[in-house]
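What follows is each chain in one-letter form.
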Amino acid sequence: MRAAVLHEIGQDKLEVLDDVEAVGFGPGKVRIRVRAAGLCHSDLSAMSGVLPQPGPFVPGHEGAGEILEVGEGVGHLAAGDRVVVCWLPACGACPACKRGQTELCLAGFMNAGTPNFRRPGGDVFGMAGTGTFTEEVVVDAGCAVPIPDDVPFDIAALIGCGVTTGLGAALNTADVAAGSSVAVIGCGGVGISVIQGARLCGAAEIVAVDPVVTRREAALRFGATKAVSPDELPDAKQQVTAGEGFDYVFEVVGKSATARAAYENTRRGGTLVVVGAGAMDDFLQLNMFELFFDEKRILPSMYGGGDILRSYERTVALWRAGRVDLAGLITHRVPFADINEALDQMRTGTALRTCIEM
């Protein structure tokens, strides 16, 4: 079967090969025929080594498709079921799950150390224990979440990561108050989803911050009340908040420099939400006096900060009701053979989300 493989961490191109085999099928597992995959910036971060990932590996963690086969002991799924791939399944038994913080369950991360694929030259891993840039993948049954028949595969793929992360950051982690002021730094697919979540919560002012003109224009279509470049953020802070700072600032880039800017543009007593996934050696510096004196809340948001399955269901309900625009997030579509074109679209910022058609 075909799969897109990164041979070594640090390479910037994938090779689409037809000698890859999905492995690991057995009790508690399912085999999925991937029908659509989305490209998330975290895929690029794993390729570059910013996010830890053993290689060689098949990137991709946003995907949806059909169940081809179920292993022994899997009673809630059957061949033919339509599913979205969940890269962070909850085990239901660990301390985090028992506390209701299923997004902090580590069971999914344990899967990342077991190869999902094999080539004649040896084992190949799947990103985050999944790997959706492929025609077929074998995953734990918990990674396959059934979706209703009316949800298209491309929409479902987005729900698997970017949309859930962005909406959840606003709805779950921050619980944005109606009438508040919001700034979102980084307006790709996740940032746009944060904007939609803040709009759903009733934020009065939503300022989108991004260096790419097309992304700023898109942010206005999705609910931002103002869109500025990073250099224009101080002026926007003055105009919107009279210089006090925003009630909520979302950092959706994953770098200490933008997190610091987000902190500085949050009002005293306000909330900074860290959504972007950054590197382990990139440190955010804050002094002890400002932490005490400003009383700003710093809230990291992992995968939307809430119950994943409930978040999926909520997103589908909002999409059906026309309250969130998911189709509009897909600005580009490329065939699987041209997947490196999708990588370039993400790197240049020309795409919010690219759908890779399998």
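Predicted model, so just to flag it, every value in this text is computed and none were measured. The residue numbering used here restarts from 1 in each chain and proceeds along that chain's sequence as written. Owing to the predicted nature of the model, reporting of local features is limited to residues with pLDDT of at least 70; listing and counting of side-chain atom pairs is limited to 80 or more, with chain, interface and lining totals taken over all residues. With hydrogens and water stripped out, all remaining heavy atoms of the structure feed into the side-chain values.

Engineer: Let's hear about the sheet that holds strand β16 (residues 266–274): which residues, and what values?
Structural biologist: Here, a strand pair is defined by DSSP locating no fewer than two bridges between the strands. Secondary structure elements follow DSSP: runs of H or I of four or more residues count as helices, runs of E of two or more count as strands, with numbering from the N terminus. Read from one edge to the other, the open sheet built from six strands follows the order β14-β13-β12-β15-β16-β17, with strand pairing classed as parallel. The two strands at the open ends of the sheet, each matched to only one other strand, are β14 (226–228) and β17 (297–300). Going from strand to strand, the sheet's axes swing by 20 degrees on average, the running direction of each strand aside. With five bridges joining them, strand β12 (residues 181–185) and strand β13 (residues 205–209) adopt parallel strand pairing. Within β13, the position partnered with Val 184 by the bridge is Ala 208. In this analysis an axis means a line fitted to C-alpha atoms, helices contributing only their contacting stretch, and an angle means the value between N-to-C directions, from 0 to 180 degrees.

Engineer: Tell me what's going on with helix α12 (residues 339–348), and back it up with residues and numbers.
Structural biologist: Listed in full, the buried residues belonging to α12 are Ile 339, Asn 340, Ala 342, Leu 343, Gln 345 and Met 346. Structurally, α12 contributes buried residues whose contacts are with β1 (3–5), β2 (15–17), α1 (41–48), α7 (213–221), β18 (330–335) and β19 (353–357). Positive phi appears at Gly 349, one or two residues downstream of α12, with a value of about 80 degrees. Relative accessible area decides the class of each residue, using a 1.4 Å probe on protein chains only: under 20% of the type maximum gives buried, over 50% gives exposed, and in between gives partly exposed. The criterion used for residue contact is that any of the two residues' heavy atoms lie within 4.5 Å.

Engineer: Let's hear about the environment of Pro 230: which residues, and what values?
Structural biologist: Counting through the fold element by element, Pro 230 comes out in the loop between β14 and α8 (233–241). Not counting residues within four places of it along the chain, the set of residues in contact with Pro 230 comprises Val 209, Asp 210 and Pro 211.

Engineer: Got a sec to walk through the side chain of Asp 210? Specific residues and values, please.
Structural biologist: The residue Asp 210 is located in the loop between β13 and α7 in this model. One buried charged residue, Asp 210, forms no salt bridge at all, with the nearest opposite charge on Arg 215 at 4.0 Å. Among the polar contacts made by the side chain of Asp 210, one reaches the main-chain amide nitrogen of Cys 187 at a distance of 2.8 Å. Look past the residues within four positions of Asp 210 in its chain and what remains in contact with it is Gly 186, Cys 187, Gly 188, Arg 215, Arg 216, Val 228, Ser 229 and Pro 230. Counted as positive: Lys and Arg. Counted as negative: Asp and Glu. His and the chain ends are not counted at all. Counted as salt bridges are all cases of a side-chain nitrogen of Lys or Arg within 4 Å of a carboxyl oxygen of Asp or Glu. We define a polar contact as two N or O atoms separated by no more than 3.5 Å, with the added condition that, inside protein, one atom must be a possible hydrogen donor and the other a possible acceptor, whereas residues neighbouring each other in sequence contribute only through side-chain atom pairs.

Engineer: Can you break down the state of the cysteines residue by residue, with the values?
Structural biologist: By definition, a disulfide links two cysteine residues through a covalent bond between their sulfur atoms. Cysteine sulfur atoms are paired as a disulfide whenever they come within 2.5 Å of each other. All told, the structure shown has zero disulfides when counted by the stated rule. Counting only cysteine sulfurs, Cys 161 is the nearest neighbor of Cys 40, a cysteine outside any disulfide, at a range of 4.3 Å. Cys 161 sits in the buried class, given a relative accessible area of 5%.

Engineer: Would you mind going over the pairing of strand β7 (residues 82–85) in detail, with residue names and values included?
Structural biologist: Residue alternation in β7 divides its side chains into two sets, Arg 82 and Val 84 and Val 83 and Val 85, and both sets are buried. Pairing between strand β6 (residues 62–70) and β7: three bridges, direction antiparallel. In the sheet register, Ala 64 faces β7, and the bridge partner there is Val 84. Alignment of β7 against strand β11 (residues 144–146), held across three bridges, turns out to be antiparallel. If you follow Val 84 over to β11, its bridge partner there is Val 145.

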